[in-house]
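Architecture at a glance
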Amino acid sequence: MDQDQLTRQIIDALTSVAPEVEAGALDPEVSFRDQYEIDSVDFLNFVLRLEQELGVKIPEVDYPKLSSLKGCRSYLGRVLGG
Amino acid sequence: MDPVPISSDTHPTPCQGILTAARAGLAGLPGGKGLNIAHEAVDRHAEGTAGERAAIRCLIPGGGARTISYRALAGLTSRFANLLGRLDIGAGEVVATLLGRVPELYITALGAMKNRSLYCPLYSAFGPEPLRQRLGIGQVRLLVTTPEQYRRKVADLRKGLPGLRHVLLVGEGVSLPGCQSFDELLAQAPEGFAIPPTDAEDPALLHFTSGTTGPPKAAVHVHAAVLMHRLTGRLVLDIQRDDLFWCTADPGWVTGTVYGILAPLTLGATLLADPEPFDPERWYGVIQDQRVTVWYTSPTAIRMLMRLGVERVRRYDTRSLRSLASVGEPLNPEAVLWGQEAFGRPFHDTWWQTETGAILIANPATEPVRPGSMGRPLPGIEAAVVRRGEGGGLEIIETPNLPGELALRAGWPSMFRAYLGEPARYARSFVDGWYLSGDLVRRDAEGWYWFVGRADDLIKTSGHLIGPFEVENVLMEHPAVAEAGVIGKPDPIAMEVVKAFVVLKPGYAGDEVLRRQLLAHCRRRLGAVVAPKEIEFRPGLPRTRSGKILRRLLKAEELGLPPGDLSTLEPPLRNRE
């Protein structure tokens, strides 16, 4: 999966839970929570959605690595690539 | 400057020994000028060398902390009281915050009470609609918030809220039309302020809570409540003078004020203020690095920590912890015991609600816990399990383990004294001298209480109480929606999540695109915590003959219970409203 495809999947998982998020305005460096109101249940649903869509298992300890778009890309890129 | 009207109510105050003893522990205003929460929480600890002790340790995002001593806090809150006077905000008028756990929150809350104004916290994750309602119903005169919150949610509401005379913004260098700088006004206000004579029955706090139907309710609490803040802080949470106390509740909810600010300060302890959101590893780091001794948190947070496992906890030194407690929704036995495994101490569950003003039923810190139980009534508190009779009277259920509604004998000091502007709704909360909590419980033969469910349709999610009506109304605003019914769907982490059943108008298709549109609409209007987490389209909704949505039937279907089993959900009570 290339980076663009992965980014689209991440954005789709995020907007499935929080559809008010405007993908174009999302700052990849800043955590989702600092840009939008994402509560802990939303974040959990987002991660579960990623697991389902990408067919990966994400251990709880790695959740903080998924807090921004950049973090998601780098973490998931590694998991899917390796 | 009309004072808050308190509906006349003459509940006798119970004269149990413990409350009398607790009363003796209060300082009272100097010169016998009455009782004021801010004096008990700040000024009484600010004199002499003891005044140099830390009242608040505010963590700074990214590292470091700002410590505010009791003496400094006394000065800052006096400045704020003077600031209010200069802005012509007087006794009985409402001052609100829409803030996280930042120093300005504490200064505003306590400074407002010094001025004998009412302090009203608002939840910063609320969207514009819940804020509009609460600012209006609460007749809020002055709001302290951040430029970002103001721009996103409040600015557009100003025209419809003529009573909101002042908005103060925290942070440097931001000026917006119609707002003033918190820092500048505070710096200009003098530090000397003597709290005017305050009657223990003068209103002090305004806390919003959701109703099953109708607008949110604004519960009024009086200065006398401080007796319970202090008593329960000591008796239930075991807060001592040298403790560093950490309450993780959001400051927008009643726990965030009563235990997040008042209880630890009335006991002269230091409270930890952490402005950042939940993050397990960071939390363990905070406990270790700050050496937290007493920790009051929520079942949702505990269950999320449990998912991460005990091994993570063991990487940190959490031995400073002496007392752990939980509030918000019932704590399952596994979570109670997980505390023992992870921190060497069980979590002690506590029960109270906005209207009770303080913990009334608990597993006290210094006693063995009963895992899964809410606990037992505190000394001086009379509780009962009741059923509302056909004639309107109450029947007290004496048989152990039979479910009924939890009732508290009216008259404890932190009991709410009014729903602002709604005397009839307030009166309906009491029957035969008992306050009816709306929670269904059972009491075992040994006197321990166990939570069974809600007697009404209110939704308990992540420690918050949400009224389905508010959510349904916002869904109905959308042009595609014909009808909406909202329930709490059981959830292993949050206890319940908000789920909406939606009937569409002809010509609309219930597809993924529309689901996302509706979800986005709700989240923008209501905020993430109140908006549904799940939306399901249906051809119709079950209703009573009079047209009320049968939310209980929706819930039964969601749980896969046959309609014949509905009796298990239908409480033996009449609807409260």
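Given the structure is predicted, the values throughout are model-derived calculations rather than measurements.

Within chain A, the regular secondary structure consists of four helices and zero strands. Its helices and strands in sequence order give chain A the pattern α-α-α-α, from N to C terminus. Expected size for 82 residues packed as a compact globule is a radius of gyration near 12 Å; at 11 Å, chain A falls within 12% of this value. By principal-axis analysis of the C-alpha atoms, chain A measures approximately 30 × 25 × 20 Å. A separation threshold of at least 6 residues defines the contact pool for chain A, and within that pool the share at least 24 residues apart is 52%. For chain A, the exposed surface amounts to about 3900 Å²; the carbon and sulfur share of it is 48%.

A few words now on the pairing of strand E5 (residues 140–145) of chain B. Residue and element names in this part refer to chain B. A large share of E5 lies buried, amounting to six of its six residues. Where strand E3 (residues 94–98) and E5 come together, five bridges link them in parallel fashion. Bridge pairing links valine 94 to valine 140 in E5. As paired strands, E5 and strand E6 (residues 166–169) are joined by four bridges and run parallel to one another. Residue pairing for E6: valine 144 is matched across the bridge by leucine 168. The β-α-β motif built from E5, the intervening helix H6 (residues 147–154) and the parallel element E6 has right-handed crossover chirality.

Residues and elements named next belong to chain B. The nine strands are arranged E2-E1-E11-E10-E12-E13-E14-E15-E16 in an open sheet whose pairing can be described as mixed. The open sheet has two free edges, formed respectively by strand E2 (65–69) and strand E16 (376–377), since each of these has just one partner strand. Bridge analysis of strand E10 (residues 244–247) against strand E11 (residues 270–273) gives three bridges, and the strand direction is parallel. For tryptophan 246, the partnering residue across the bridge sits in E11 and is leucine 272. Of the strands in this sheet, strand E12 (294–297), strand E13 (323–326) and strand E14 (347–351) are in contact with helix H11 (residues 299–308), which crosses E12 at around 100 degrees.

Before going further, it helps to spend a moment on the confidence of the model for chain A. On average, chain A scores 92 in pLDDT, and the residues at 70 or more come to 99%. When the elements of chain A are averaged for pLDDT, helix H2 (residues 32–35) of chain A gives the smallest value, 88, and helix H1 (residues 3–17) of chain A the largest, 95.

Turning our eyes to something else, we now look at the interface of chain A and chain B. Counting from both sides, the interface comprises 20 residues of chain A and, opposite them, 25 residues of chain B. Remark: the boundary between chain A and chain B carries eight salt bridges. Ionic pairing is found between glutamate 20 of chain A and arginine 523 of chain B, a salt bridge with its closest N-O pair at 2.8 Å. Summed over the shared surface of chain A and chain B, the number is 11 residue pairs in polar contact (both at pLDDT 80 or more). Among the elements of the structure, H1 and helix H3 (40–54) of chain A are those that each provide at least two residues to the side of chain A that touches chain B. Counting residues per element, the side of chain A that touches chain B draws most heavily on H3 of chain A, at five residues. Here the residues of the side of chain A that touches chain B are counted per class, giving nine nonpolar, three polar and eight charged.

Procedures and definitions
Residues numbered from 1 in each chain as written. Chains lettered and ligands numbered in written order. Predicted model: local features only at pLDDT ≥ 70, side-chain atom pairs only at ≥ 80, totals over all residues. Heavy atoms only, no water. Helix = DSSP H or I, 4+ residues; strand = E, 2+ residues; numbered from the N terminus. Rg over C-alpha atoms; globule rule 2.2 N^0.38 Å. Contact = heavy atoms within 4.5 Å. Areas by Shrake-Rupley, 256 points an atom, 1.4 Å probe, with all protein chains shown as cover. Buried < 20%, exposed > 50% of the residue type's maximum accessible area, 1.4 Å probe, protein only. Pairing = 2+ DSSP bridges. Right-handed = clockwise from strand over helix to strand, strands pointing away. Axes fitted to C-alpha atoms, helices over the stretch in contact; angles between N-to-C directions. pLDDT = per-residue confidence, 0-100. Salt bridge = Lys/Arg side-chain N within 4 Å of Asp/Glu carboxyl O. Polar contact = N/O pair within 3.5 Å; in protein donor to acceptor, adjacent residues only side chain to side chain. Nonpolar A, V, L, I, M, F, W, Y, C, P; charged D, E, K, R; others polar.

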